[in-house]
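Architecture at a glance
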Amino acid sequence: MQYLHVASGTLILFAISLVAGKKYRHLPDYILISWLLLFLVDVLSFIMISRGISSVSTWGNVLLGFSEASLFLHGLFFWLYAASLTRPMFKIERRHILHLLPFFLCFIYLLYFVHINREPPERARKWLIALKLISLLIYALTVIRQIGRHQKNIPTIFSNAEDKLLGWLRFLGWGIIILWSVAAVSLLLELCTTIAIPQFGGIFVNISVSLFIFVMCYFGVRQSRIFFWVPDGIIKEDLTDEALAIGIFPEVKPSVLGKKIGKYLKSGLTAEKSKELYDQVKDLMRIKKLYMDEDLTLFNLAMIMQIHPNHLSQVINMNEQRNFFDFINYYRVEAVKENIVSKRHVNKTLLGIALECGFSSKAAFNRAFKKFTGQTPSEFKRLSDGSTAHFEREN
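Residues numbered from 1 in each chain as written. Predicted model: local features only at pLDDT ≥ 70, side-chain atom pairs only at ≥ 80, totals over all residues. Heavy atoms only, no water.

1. Concerning the packing of helix H2 (residues 27-50) against helix H4 (residues 71-86)
- At their nearest, the axes of H2 and H4 sit 9 Å apart, and the two run at 160 degrees to each other. Relative to H4, H2 is oriented roughly antiparallel. The element H2 and its partner H4 pack so that their crossing is left-handed. For the pair H2 and H4, contact is made by Leu 27, Pro 28, Ile 31, Leu 32, Ser 34, Trp 35, Leu 38, Phe 39 and Asp 42 and by Leu 73, His 74, Phe 77, Phe 78, Leu 80, Tyr 81, Ser 84 and Leu 85, respectively.
- Partitioned by chemical class, the residues of the contact of H2 with H4 number 13 nonpolar, 3 polar and 1 charged. (Axes fitted to C-alpha atoms, helices over the stretch in contact; angles between N-to-C directions. Helix = DSSP H or I, 4+ residues; strand = E, 2+ residues; numbered from the N terminus. Parallel < 35°, antiparallel > 145°, perpendicular 65-115°, else oblique. Left-handed = near helix turned anticlockwise from the far one by under 90°. Contact = heavy atoms within 4.5 Å. Nonpolar A, V, L, I, M, F, W, Y, C, P; charged D, E, K, R; others polar.)

2. Considering the nonpolar core
- One finds Ile 12 and Leu 169 to be the most contacted residues of the largest nonpolar core, which totals 59 residues.
- The set of elements that each furnish at least two residues to this core consists of helix H1 (2-20), H2, helix H3 (58-69), H4, helix H5 (101-115), helix H6 (122-157), helix H7 (167-192) and helix H8 (202-222).
- Phe 324, Tyr 331, Ala 335 and Ile 340 belong to the second-largest nonpolar core, a separate cluster that totals 35 residues. (Core = buried A, V, L, I, M, F, W, Y, C linked by side-chain atoms within 4.5 Å. Buried < 20%, exposed > 50% of the residue type's maximum accessible area, 1.4 Å probe, protein only.)

3. Here we look at helix H11 (residues 298-305)
- In terms of residue burial, H11 counts as a mostly covered element, since 8 of its 8 residues are buried.
- Here H11 has its buried residues at Leu 298, Phe 299, Asn 300, Leu 301, Ala 302, Met 303, Ile 304 and Met 305.
- Of the surrounding elements, those touching the buried residues of H11 are H6, helix H10 (271-286), helix H12 (309-320) and helix H13 (324-342).
- Directly after H11, the chain includes Gln 306, whose backbone phi takes a positive value near 60 degrees.

4. Structural notes on the environment of Asn 61
- Locating Asn 61 in the fold gives a position in helix H3.
- By relative accessible area, which is 23% here, Asn 61 ends up partly exposed.
- Measuring from C-alpha to C-alpha, the distance between Asn 61 and Asn 117 comes to 9.5 Å, with 56 residues separating the pair along the chain.

5. A few points about the packing of H10 against H13
- Running from amino to carboxyl end, H10 crosses H13 at an angle of 40 degrees, the nearest separation of the two axes being 11 Å. In terms of axis orientation, H10 runs oblique to H13. You can see that H10 and H13 cross each other, and the crossing is right-handed. Touching Val 281, Lys 282, Met 285 and Arg 286 of H10 are Phe 327, Ile 328 and Tyr 331, all from H13.
- Within the contact of H10 with H13, the residues separate by chemical class into 5 nonpolar, no polar and 2 charged.

6. Looking at unusual backbone geometry
- Unlike most non-glycine residues, Asn 117 shows phi in positive territory, near 60 degrees.
- Backbone geometry places Lys 289, a non-glycine residue, at a positive phi of 55 degrees.
- Considering the arrangement of structural elements, one finds Lys 289 in the loop between H10 and H11.

7. A short note on the pattern of salt bridges
- Taken as a whole and assessed by the stated rule, the structure comprises 12 salt bridges.
- Measuring nitrogen to oxygen at the nearest pair gives 3.0 Å for the salt bridge that ties Lys 22 to Asp 29.
- Across the salt bridge formed by Glu 334 and Lys 337, the nearest N and O atoms sit 3.1 Å from each other. Placement of the pair is Glu 334 and Lys 337 together in helix H13, with a separation of 3 residues, close to one helical turn.
- Residue classification places Glu 334 among the partly exposed residues on the basis of a relative accessible area of 28%.
- A relative accessible area of 21% places Lys 337 in the partly exposed class. (Salt bridge = Lys/Arg side-chain N within 4 Å of Asp/Glu carboxyl O.)

8. Structural notes on the packing of aromatic side chains
- Throughout the structure, instances matching the rule amount to 23 aromatic pairs.
- Residues Trp 168 and Phe 219 carry aromatic rings whose centres are separated by 5.8 Å and whose planes lie at 15 degrees to one another, so their mutual orientation is stacked. Residue Trp 168 is located in helix H7, and its partner Phe 219 is located in helix H8; the two are separated by 51 residues in the primary sequence.
- With 4.9 Å between their ring centres and 90 degrees between their planes, Tyr 218 and Phe 219 make a pair best called edge-to-face.
- Looking at Tyr 218, the relative accessible area reads 40%, which means it is partly exposed.
- On the basis of relative accessible area, Phe 219 is assigned to the partly exposed category, the value being 32%.
- Taken together through their ring pairs, the aromatic side chains of Trp 35, Phe 39, Phe 78, Tyr 81, Trp 168, Phe 212, Phe 214, Tyr 218 and Phe 219 make up a single cluster.
- The ring centre of Tyr 330 lies 4.4 Å from the NZ or CZ of Arg 322, which sits over that ring. (Phe/Tyr/Trp six-rings, centres within 6.5 Å; stacked < 30°, edge-to-face > 60°. Lys NZ or Arg CZ within 6 Å of the ring centre and 35° of its normal.)

9. A few points about the confidence of the model for the protein chain
- Per-residue confidence for the protein chain averages 81 on the pLDDT scale, and 81% of its residues sit at or above 70.
- By mean pLDDT, helix H9 (residues 241-246) is the weakest element of the protein chain at 36, and H4 is the strongest at 94.
- Residue range residues 230-267 is modelled with pLDDT below 50. Its contacts to residues more than four positions away, or to other chains, number 69 contacts.
- Under a pLDDT of 50 for its full length, residues 389-395 has, in the predicted model, 0 contacts with residues more than four places off or in other chains. (pLDDT = per-residue confidence, 0-100.)

And the structure:
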């Protein structure tokens, strides 16, 4: 078991170094680093317990007390991390300090018994375990619900869904629910029977925590930021090439949250204005080929057009009977088809053409192409090549 804990600690340190080494770090990265450091403290506590040195010094007992109270923090960090990824302009505010209150009360309570060199009453400790489990359950359910809403909103905001679905985070949420169920049953067995449950979980919980850490480190390091904003009054073309390349824009609260953008926010969108905006957005697709930007979002396009994102979404939905995601990917598929038929890029692979037209991955390209054509890209290319050869023979 010690080897498992050492491996987990090493993985945590490696993951922290990778996240900290990013050229551009944002709030989700800092929350992830803090959460990983919290896990590192827990791993150190597990090592102390497994080696039988939990009562060597006062500071050792303080560390164990911190780890014992940290379950109140794990749920909080899980929620903060998910919120920083799924809420457009989420930031940590003073009111969030209230979430720390259960942890501090629990930690101070445990420190008191460290000070008097006694163990807390068994009944009180079981009540603390129950409260920690309730707290963790509330945060886990909140995160699962939050990610569910986020996944439903993705097609209305983004033109590419890769790395934005956060399925791995939802998986961790359900993992917490399963562990919570096991812990709750264990606690009930201990309260109602003579079965004794280890305070720090035993082998099952230790292995589960190690797997949780592995998943969090692997996907957390790979997870990129989801929301980027162009500030009010700035046209995308006016931004530097570097800013466009990495998607880093000034942190200005987006107008979609309720502030005025352009002149259409408080005015009704008439049929005439809707037709005018629809013609404008089609021109931007056909002439400017904005769909080739794989990071294009509803908000960036609305900023370029100087209109409210809600109006742009309404225009697309009414005239195309599609959401933003399908609207942009339709143009990308048409561009790929045009390139295949015209044989403009005979030396490029289908994936190379797709990436050039704005798709972010092979899987996304194949799904969209099949959806809008009823064929796979390879089938379309093969039929296209056959039609061209037949036409040449006829002539």
